[in-house]
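Take a look at the letters that make up each chain.
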Amino acid sequence: MNSKEKFVNYLKNEEMSTLLKFSKYSQKTPAELIEAIPDYKLKELSNIKSIIAAVSSDDKEFRKNGRFNSEYDDICKYLKSANMNMNECMKILFDVIDKNLRLVVLDENSNSIIESKVNAILPVIKELWSKSKISSKSDFDEALSLLSIDDSVLSKEEKTKKEVVKALVSNCVMTPDDLEYKSYMNLKEHYFDKSEYDLESVEIVYSSLLALKVDNDIALFIKSKLMKKIKKEDIKINFNYEPVKSEIITDREYKQIKKEILKYYDLKTNLEKQELDSTLKDYVASLIVKLGLDNNEIINIFRRLYDCNLSYISYYVSNYDKIKYYSEKDLLIKDKIDELNSYLQELIICSLEDYNFWKQSIEEVITKIKYLIPDTYEYEIEKAKNYKSL
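Everything quoted here is computed from the prediction, not taken from an experiment. (Residues numbered from 1 in each chain as written. Predicted model: local features only at pLDDT ≥ 70, side-chain atom pairs only at ≥ 80, totals over all residues. Heavy atoms only, no water.)

Caption draft 1: Examining the environment of Ile218 more closely. Along the chain, the position of Ile218 falls in helix α12 (residues 216–227). Residue Ile218 is classed as buried on the basis of its relative accessible area of 0%. Remark: the alpha-carbon pair of Ile218 and Met86, spanning 132 residues in sequence, is separated by 6.7 Å. Contacts of Ile218, omitting those with residues within four sequence positions, involve Cys76, Lys80, Met86, Cys89 and Leu93. (Helix = DSSP H or I, 4+ residues; strand = E, 2+ residues; numbered from the N terminus. Buried < 20%, exposed > 50% of the residue type's maximum accessible area, 1.4 Å probe, protein only. Contact = heavy atoms within 4.5 Å.)

Below, the structure written as structure tokens:
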């Protein structure tokens, strides 16, 4: 049994184990069964099915229903829990990344959906989504074909599916500006298209894997594996270095900064050690940028550090300075802020009958603003670099 078969067997056992826990519901109809199983377990089952399809399918099957559009932290979690050795993890992971790169990212006819974008737009199309009956990749691919069909020949249900898919494709597909796309292209240039590696390529591969949310332990193993392939003569130490600049820190300072970060935040797990308010998050961020990490590594950490679920108005108030920062670079965001301010004025003076309308309009604009803000964390990085304690 090869490593791929071993991993797929483990996943199928996990899937069966989860289903057996809910065997008492076996007399229920499929709709009743879905209602009875907790949402997090349904998501877990969906993730397992997605990973099995991505790992075990050939190119033809992968194009049809094995596309792996989610982030890679899930597949890494199962690779580690299956007790696969690191060489097996590396082989399976790069196999899935390679298929995604060749058959999805580089395929102009494919539509690779980014989950974070879906989460941003979902509140706007939530009602449509619940009516669309799209529950799998094959459902989504089938619904894609509706885009080229005139509405006049579609049923009511097909029109609903078409609206959902149109919203997702226009707002949530991967574009060359997205960090995910850049990470895939970096892996293509510095890993898949190379037979020999240098220090720069290895660092780019490592940071790109982190940007795709590959587990840090696995990414570090891959980095060390590639480092061993670098020719010794290519690793040169330059003793005629320039005077150390102020941003370069000593080994002792590095350890002190990391020790301070660990009081609040675990860099390995990307989890808070304690509940951090916005002030403490900014303080931790200011320490992280002093470590001299690659930009993609910082973005990966900041994505988790600043991740929070806020109501629409709370998001706007809490992130006003950030939104203002990007509005000076993007006129579309500035227009949305003006639109939002006019809606807020209407909300203040409107009647009770109109309140829900203006509230929904405000939520839709804020969702669009969130989508327009680039996933580069430029604002947070600049703020961290210029951090001054109160």
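Let us keep going from here.
Caption draft 2: Highlighting the packing of aromatic side chains. For the coordinates displayed, the defined rule picks out 13 aromatic pairs. Between Tyr283 and Tyr387, the ring centres sit 6.1 Å apart and the planes meet at 50°, which makes this aromatic pair tilted. With Tyr283 in helix α14 (residues 278–288) and Tyr387 in the segment after α20 (378–385), this pair connects stretches of sequence that are 104 residues apart. We classify Tyr283 as partly exposed; its relative accessible area is 22%. Summarising the aromatic geometry, the rings of Phe357 and Trp358 are spaced 5.0 Å apart at their centres and angled 75° between planes, so their arrangement reads as edge-to-face. When its relative accessible area of 17% is taken as the criterion, Trp358 is described as buried. The structure contains a cluster of three or more aromatic residues connected by ring pairs, namely Phe94, Tyr191, Phe192 and Tyr197. Of note, Lys223 hangs over the ring of Tyr206, and the distance from its end group to the ring centre comes to 4.7 Å. The aromatic ring of Tyr315 is capped on one face by Lys370, whose charged end is 4.8 Å from the ring centroid. (Phe/Tyr/Trp six-rings, centres within 6.5 Å; stacked < 30°, edge-to-face > 60°. Lys NZ or Arg CZ within 6 Å of the ring centre and 35° of its normal.)

Caption draft 3: Just the nonpolar core, in detail. Grouped together as the largest cluster of nonpolar side chains are 44 residues, with contacts concentrated most on Phe7, Tyr72, Ile75, Leu93, Leu209 and Ile222. Every element with two or more residues in this core is listed here: α1 (3–21), α3 (39–56), α5 (73–81), α6 (86–105), α10 (179–192), α11 (199–211) and α12. Of all the elements, α6 adds the most residues to this core, at eleven residues. Among residues more than four places away in sequence, those in contact with Tyr72 are Leu93, Val96, Ile97, Asn100, Tyr184, Leu212, Lys213 and Val214. By size, the runner-up hydrophobic cluster in this structure holds 23 residues, among which are Tyr265, Ile299, Ile301 and Ala384. (Core = buried A, V, L, I, M, F, W, Y, C linked by side-chain atoms within 4.5 Å.)

Caption draft 4: Fine view of the pattern of salt bridges. Within the structure shown, the criterion is met by 21 salt bridges. Note that Arg102 and Asp59 form a salt bridge whose closest N and O atoms lie 3.0 Å from each other. Here Arg102, found in helix α6, pairs with Asp59, found in helix α4 (residues 59–66); they are 43 residues apart in sequence, far enough to count as distant. Between Asp98 and Arg102 there is a salt bridge, and its shortest N-O distance comes to 3.0 Å. On the criterion of helical spacing, the pair formed by Asp98 and Arg102 is a turn pair, its members being four residues apart in helix α6. By relative accessible area, Arg102 is classed as partly exposed at 36%. Ionic contacts of the salt-bridge type, sharing partners, join the residues Lys4, Asp95 and Lys99 into one network. (Salt bridge = Lys/Arg side-chain N within 4 Å of Asp/Glu carboxyl O.)

Caption draft 5: Fine view of the side chain of Glu260. Relative to the helices and strands, Glu260 resides in helix α13 (residues 251–261). Contacts of Glu260, omitting those with residues within four sequence positions, involve Tyr283 and Leu287.

Caption draft 6: Quick peek at α10. Here α10 contains 14 residues, and its C-alpha end-to-end distance of 18 Å stays within 8% of the 20 Å for a straight helix at 1.5 Å per residue. Along α10, the residues that are buried comprise Leu179, Glu180, Ser183, Tyr184, Leu187, His190 and Tyr191. The arc that holds every buried residue of α10, seen down its axis, measures 155°, which confines them to one face. (Expected span 1.5 Å × (residues − 1). Arc of directions from axis to C-beta.)

Caption draft 7: Here's a closer look at a nonpolar patch on the surface. Together, Met16, Leu19 and Leu20 make up a nonpolar patch on the protein surface, roughly 290 Å² of accessible area in all. Relative to the helices and strands, Leu19 is located in helix α1. (Patch = residues over 30% accessible without salt bridge, like charges linked within 9 Å, V, L, I, M, F, W, Y side chains within 5 Å. Areas by Shrake-Rupley, 256 points an atom, 1.4 Å probe, with all protein chains shown as cover.)

Caption draft 8: The arrangement of the environment of Asn85 in detail. You can see Asn85 is positioned in the loop between α5 and α6. Considering only alpha carbons, one finds Asn85 and Ser3, 82 residues apart in sequence, at a separation of 9.2 Å. Only 3.0 Å separates the side chain of Asn85 from the backbone nitrogen of Asn87, close enough to count as a polar contact. (Polar contact = N/O pair within 3.5 Å; in protein donor to acceptor, adjacent residues only side chain to side chain.)

Read these as geometric descriptors, not functional statements.
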